[in-house]
Amino acid sequence: GVYSSQGELLAIEGFVTDISQQSSIEQLAGREQWFESRTGLVGRMMFERLAGHVLQHAQRYHLPCAILWLRVSGWPAPAEAALVAVAARFGAVRGAGGTVAYLGEYQFGVLLSDFGAADALGLLPSAASAARALVERLGEPLEIDGVVHSLAVACGIAIGAPRYADAPAMLE
């Protein structure tokens, strides 16, 4: 500050810096770290962290959890519009409490944690039902720019078990 000879505060000096743009950039970078920008789905890093947490919780308290892995092939070129359209087809699973992620290379993951089921056998029917519904939904004909495309879908189910150390192990 600036003071008079009697010690009175006359003025305050300092610097004002506009950090709003820097803050916006940092927020965007943080969002991109957790979400896949084209699909709006959870990204691989966030999915693996979340699934790892759910797996540890499930193992500690003997609760079931499962991961569905889906690979979609037969993408039209360019695939961007198709990717966005396919990602939107996961809406029913997200609404039912599943966490859906785009894992890259046209692969998706769905984390299912039905803590109402007593054990893995109790979760298996709902996991199989979700997998069947997703394979059917994702495999429906896809129209992009007036052209109908057929996509093929492969699906795997991993039920949480002590042999899995973490989420990437369940995805293998």
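Residues numbered from 1 in each chain as written. Predicted model: local features only at pLDDT ≥ 70, side-chain atom pairs only at ≥ 80, totals over all residues. Heavy atoms only, no water.

K.L.:
Looking at this model, I keep getting lost on the overall build of the chain. Mind explaining?
P.N.:
Of regular secondary structure, the chain possesses 6 helices and 8 strands. Relative to its full complement of 172 residues, the chain shows a buried share of 35%. Counted over contacts in the chain with a minimum sequence separation of 6, partners at least 24 positions apart contribute 67%. When the accessible surface of the chain is summed, it comes to about 10300 Å², and 55% of that surface belongs to carbon and sulfur atoms. (Helix = DSSP H or I, 4+ residues; strand = E, 2+ residues; numbered from the N terminus. Buried < 20%, exposed > 50% of the residue type's maximum accessible area, 1.4 Å probe, protein only. Contact = heavy atoms within 4.5 Å. Areas by Shrake-Rupley, 256 points an atom, 1.4 Å probe, with all protein chains shown as cover.)

K.L.:
For this particular structure, what's the right way to read the pairing of strand S5 (residues 107-112)?
P.N.:
A regular strand places its side chains so that they alternate between the two faces of the sheet. Of all 6 residues in S5, 6 are buried; the element is thus mostly enclosed. Taking every second residue as pointing to the same face, both faces of S5 are buried, with Gln107, Gly109 and Leu111 on one and Phe108, Val110 and Leu112 on the other. As paired elements, strand S3 (residues 66-73) and S5 share 6 bridges and run antiparallel to each other. Bridging from a neighbouring strand, Arg71 pairs with Gln107 of S5. (Pairing = 2+ DSSP bridges.)

K.L.:
How do you make sense of the packing of aromatic side chains when you look at a structure like this?
P.N.:
Aromatic ring pairs are described here by two measures, namely the spacing of the ring centres and the angle between the planes. Under the criterion given, the structure shown has 3 aromatic pairs. Arranged with centres 4.9 Å apart and planes meeting at 40°, the rings of Phe90 and Phe108 form a pair that is tilted. Here Phe90 is found in the loop between helix H3 (80-88) and helix H4 (91-95), whereas its partner Phe108 is found in strand S5, with 18 residues between them in sequence. Residue class for Phe90 comes out buried when judged on its relative accessible area of 0%. Take Phe108: its relative accessible area is 0%, and that puts it in the buried class. Connected via pairs of aromatic rings, a cluster forms that spans Phe90, Tyr102 and Phe108. (Phe/Tyr/Trp six-rings, centres within 6.5 Å; stacked < 30°, edge-to-face > 60°.)

K.L.:
Is there a simple way to think about the confidence of the model for the chain in this case?
P.N.:
Detail in the predicted coordinates should be disregarded across regions flagged by low pLDDT. Averaged over the chain, the pLDDT score is 80; the fraction of residues at 70 or greater is 74%. Mean pLDDT across the elements of the chain ranges from a minimum in helix H1 (residues 20-34), with 51, to a maximum in S3, with 94. Low pLDDT, under 50, characterises residues 25-31; the stretch is placed with 0 contacts to residues that sit more than four places away or in other chains. (pLDDT = per-residue confidence, 0-100.)

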